[in-house]
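As a plain string of letters, each chain reads:
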Amino acid sequence: MESQQPNKIHKQPEKKPPKSPLNGSGSLWIYLIISVTFIALYLFISPEFTTKEISWKEFENTILPTEKIEQIIIVNKEIAEIYVKAKLTDSTKYDQITDNSFNLSQTTPAYTIQIGSVDSFENKLEKAQQELPTADRITVTYTSRSSFLDIFSWLIPLGILIFFWIFILKRMSTGSGSNPLFNFGKTTARISETDKKSSVSFNDIAGLKEAKVEVMEVVDFLKNPETYTKLGAKIPKGVMLVGPPGTGKTLMARAVAGEAQVPFFSLSGSEFVEMFVGVGASRVRDLFKRAKEKAPSIIFIDEIDAVGRSRGKVNAFQTNDERESTLNQLLTELDGFGPNTGVIVLAATNRPDILDKALLRPGRFDRHIYLELPNKHEREEIFKVHMRNLVLGEDVAIDILATLSPGFSGADIANICNEAALIAARKKTEAIMQEDFLEARDRVVGGLERKSKIISPKEKKIIAFHEAGHAVASWYLEHVDSLVKVSIIPRGKSLGSAWYLPEERQIVTKSQFMDQICASLGGRAAEEIIFNEISSGAIDDLEKITKQAYAMVAYYGLDESIGPLSFFDSSEQSRTLFGKPYSEHMAKLIDEEVQQLISKSYQRTKEILTTHKAKLIQLAELLLKKETVEKEDLIELLGARDRKFLETDDHTNQSLSQFNKT
Ligand SMILES: Nc1ncnc2c1ncn2[C@@H]1O[C@H](COP(=O)(O)OP(=O)(O)OP(=O)(O)O)[C@@H](O)[C@H]1O
Ligand SMILES: [Zn+2]
């Protein structure tokens, strides 16, 4: 049996728009201006741009015979700078040669020559001046010099480095970047001061009556602290919201902020523990500091189990110092502020069992508010809340929808309502009809229908018999939830499905377990009976029942030969530290019992299906023809179900079997 984990609505916490990188750093502009000035200056005065570069040939043939050379300086053994006598360059006669009117002083060379090597240059110069008297020969000096360009060329990378450094520091200190790399150390709490005008109120939360009453008290602490402090009472600091996913914990926290009209600082536990060591602790510090500045205010830590997991209970070889130091900081902060500072810390978790006991001690999160999955009546209420803004067709029956969604959380229901609206919109209808809601429900439970998936006729036949097997077996088993429909339309990852309406129950009896296992084996058994061949298609069923059988034997103490023993460890300590908490002998016994339990169930299933083989074939054929067979057709074909227990109770949450994948 596959009880599909329904989709969950994930709300993205609102983010402030990331700051433009330029805002945070005027230094960029300063840097740009400086660089432009430098480049301009450089272009203006650099010798490279007022000096003419010539070749040796040119020098020998044109310059040497016509101009009076003052001196030649060989720079860095690479360039020969040729300085011309000022008085000569002054005359217009040489303008055509120098062709540069700036070139008047001796501080700038008139020409430069790139030389291959100093030796060959000297030789050539020697040769060229052979006829001249020694006194008139040009003097050659040597110098090494780092040019302006050189300085500039390392100035640029240095500048860029410095700039980036400033940039990163800026981003760190404002803590407002969108990139976590630039924010480490600062809290990324969405300080939703927008929540001051929070539209979330207790009206948006349906059901959860007891929880609301308790939470309202928290609102009162914030609004009228004097009522309590006057009498000497200490206002609690920490309130833990506990409940399964999607039951409205976040919604409740937001409603508290909305009702109390105070700033709301929210941060998810997993955000504390991020990339860098030491970041978590400083985030905690920062979060509390900011909240205290804005007191009265609310801090909301979602998924507190991410930080609050009990210390030292992880694998002995796998410590998590970072998480521990974050947790320690959190404890310190909780102790550090007085009870009447006007800051209340709300936290949410769906695993209260794994939380460190230190978190739950008096003076910390000593108040627990439980949020449970809604019962049928509450589901109706939640449907109503989420239908407020929808255009509903006349045929929408909320009570039927609520009946058909046992075990669904508030988030699932919100999801169904939205999906239904989308489905109706795709059909371009005027209003959202009941069938849209039902389709949305199926989609939320089982994933999207994939009618276009190509399946060969042979495989289709196997799938039809497999599903018919589930249906027929469960029809004749007393303790299996009632079957709503069977389908061989692929959906999500499964090729076919049998839909059950789970009873809402808190405990599962042994007979229920046994019958569930048989119903799950119905698919495999049908394949064997009809085709005398079995397939891989039963993997989901088998995985499920194997886990279920081990749980029955080793955890719930439901096996006769092993007796009422449970190796379940709610603290999870011995399992991780010492491996299996039982002997080799016991392990063998458990394995044998599980195997026997399942093989007996398989025999039993095959017997049921053999007895009703004709019905099995009829149903499979009907499935091949219609693809989906609804409850009415099932009753017509298989007869009314003989059930002693009819599910009436409705204060339970367990959703055992919703959906049987092929
Ligand atoms: N009791 C409720 N009434 C109305 N809407 C609800 C209720 N419970 C949940 N919802 C809807 O489900 C959405 C998700 O709920 P929320 O995020 O508060 O659950 P949660 O318990 O914090 O889940 P998680 O543990 O996954 O963080 C809400 O935004 C809301 O639309
Ligand atoms: Zn199956």
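Bear in mind the structure is a predicted one, so any value in this text is a computation, not a measurement.

## Re the pattern of salt bridges
Per the stated rule, a full pass over the model turns up 18 salt bridges. Across the pair E528 and K606 runs a salt bridge, and its minimum N-O distance is 3.0 Å. You can see E528 sitting in helix α20 (residues 510-531) and its partner K606 sitting in helix α23 (residues 584-611), a full 78 residues away along the chain. E528 sits in the partly exposed class, given a relative accessible area of 26%. Here K606 falls in the buried class, since its relative accessible area comes to 17%. Salt bridges sharing common partners tie together E419, E439 and R443.

## Structural notes on the packing of aromatic side chains
For the structure on display, the rule yields 7 aromatic pairs. Between the aromatic rings of W56 and F121, the centroid separation amounts to 5.5 Å while the plane-to-plane angle is 80°, which identifies the pairing as edge-to-face. Remark: F121 occurs in helix α6 (residues 118-128) and W56 occurs in helix α3 (residues 56-66); sequence separation between them is 65 residues. When the ring centre of W499 is taken as reference, the NZ or CZ atom of K485 above it lies at 5.2 Å.

## Observations regarding the UniProt feature "binding site: Zn(2+)" (unreviewed entry) in the chain
Summarizing the sequence annotation, UniProt attributes the feature "binding site: Zn(2+)" (unreviewed entry) to H466, H470 and D541 in the numbering used throughout. Considering the C-alpha atoms alone, the annotated residues occupy 76 residues of sequence yet fold into one spot, their largest mutual distance being 11.0 Å. With respect to the helices and strands, the residue H466 is situated in helix α19 (residues 457-475). Along the polypeptide, H470 turns up in helix α19.

## Some details on unusual backbone geometry
Positive phi values are uncommon outside glycine, yet L208 reaches one of about 50°. Relative to the helices and strands, L208 is located in the loop between β6 (190-192) and α8 (209-223). Its identity is not glycine, yet K428 carries a phi of approximately 55°, on the positive side. Here K428 shows up in the loop between α17 (410-427) and α18 (434-446).

## Side note on the side chain of E380
Mapped onto the elements, E380 comes out in helix α15 (residues 376-387). Although buried, E380 forms no salt bridge, and the nearest oppositely charged side chain, K376, lies 4.0 Å from it. Setting aside anything within four residues of it in sequence, one finds E380 in contact with I398, D399 and A402.

## Regarding the site of ligand 1
If you check the shell around ligand 1, you find 20 residues, and the closest are A206, K249, T250, L251 and H386. Contact between ligand 1 and A206: a nitrogen atom at 2.9 Å from a main-chain N or O atom of the residue. Protein contact buries 90% of the 620 Å² of open area that ligand 1 shows by itself. Contributions of two or more residues to the shell around ligand 1 are made by α10 (249-260), α15 and α17.

## Regarding the pairing of strand β2 (residues 69-75)
Burial of β2 is extensive: 5 of the 7 residues sit out of reach of the surface. As paired elements, β2 and strand β3 (residues 79-84) share 6 bridges and run antiparallel to each other. Bridging across to β3, V75 finds its partner in I79. Counting the residues between successive antiparallel strands, the hairpin from β2 to β3 contains 3 residues, one of them, N76, with a positive phi of roughly 50°. Note that β2 and strand β5 (residues 140-143) share 4 bridges and pair parallel. Within β5, the residue paired with I73 across the bridge is T141.

## Some thoughts on the sheet that holds β5
Think of a sheet as strands paired side by side through backbone hydrogen bonds, with each pair either parallel or antiparallel. Ordered in space as β1-β4-β3-β2-β5, the 5 strands form an open sheet in which the pairing is mixed. Each having just a single partner strand, β1 (52-54) and β5 make up the two edges of the open sheet. Taken over all neighbouring pairs, the strand axes of this sheet differ in orientation by 30° on average, direction set aside. Contacts from α3 reach β1, β2, β3 and β4 (111-114), with the element oriented near 110° to β1.

## Digging into the nonpolar core
With 48 residues, the main nonpolar core has L483, I590, L609, L619 and L634 as its most contacted residues. Elements represented by at least two residues in this core include exactly α19, β12 (482-487), β13 (497-501), α20, α21 (539-555), α23, α24 (613-626) and α25 (631-638).

## What to know about the packing of α19 against α24
Each pair of packed helices can be described by the angle between their axes along with the distance between the axes. Relative orientation of the contacting elements α19 and α24 amounts to 130°, with a least axis distance of 8 Å. Looking at the two axes, α19 sits oblique to α24. Judged by the twist between their axes, the crossing of α19 over α24 is right-handed. The segment α19 lies against α24, with K460, K461, A464, F465, E467, A468, G469, A471 and V472 engaging L616, I617, L619, A620, L623 and L624. Its residues assigned to classes, the contact of α19 with α24 comprises 11 nonpolar, 1 polar and 3 charged.

## A few points about α8
Here α8 is 15 residues long and its end C-alpha atoms lie 21 Å apart, about the 21 Å a rise of 1.5 Å per residue gives. Here the buried face of α8 lies against α9 (225-229), β7 (238-242), α10, β9 (297-302), β10 (343-349) and β11 (367-370).

Parameters at a glance
- Residues numbered from 1 in each chain as written.
- Chains lettered and ligands numbered in written order.
- Predicted model: local features only at pLDDT ≥ 70, side-chain atom pairs only at ≥ 80, totals over all residues.
- Heavy atoms only, no water.
- Salt bridge = Lys/Arg side-chain N within 4 Å of Asp/Glu carboxyl O.
- Helix = DSSP H or I, 4+ residues; strand = E, 2+ residues; numbered from the N terminus.
- Buried < 20%, exposed > 50% of the residue type's maximum accessible area, 1.4 Å probe, protein only.
- Phe/Tyr/Trp six-rings, centres within 6.5 Å; stacked < 30°, edge-to-face > 60°.
- Lys NZ or Arg CZ within 6 Å of the ring centre and 35° of its normal.
- UniProt positions renumbered as here; feature names shortened; annotations may be inferred.
- Lys, Arg positive; Asp, Glu negative; His and termini not counted.
- Contact = heavy atoms within 4.5 Å.
- Near = heavy atom within 4 Å.
- Polar contact = N/O pair within 3.5 Å; in protein donor to acceptor, adjacent residues only side chain to side chain.
- Areas by Shrake-Rupley, 256 points an atom, 1.4 Å probe, with all protein chains shown as cover.
- Pairing = 2+ DSSP bridges.
- Axes fitted to C-alpha atoms, helices over the stretch in contact; angles between N-to-C directions.
- Core = buried A, V, L, I, M, F, W, Y, C linked by side-chain atoms within 4.5 Å.
- Parallel < 35°, antiparallel > 145°, perpendicular 65-115°, else oblique.
- Left-handed = near helix turned anticlockwise from the far one by under 90°.
- Nonpolar A, V, L, I, M, F, W, Y, C, P; charged D, E, K, R; others polar.
- Expected span 1.5 Å × (residues − 1).

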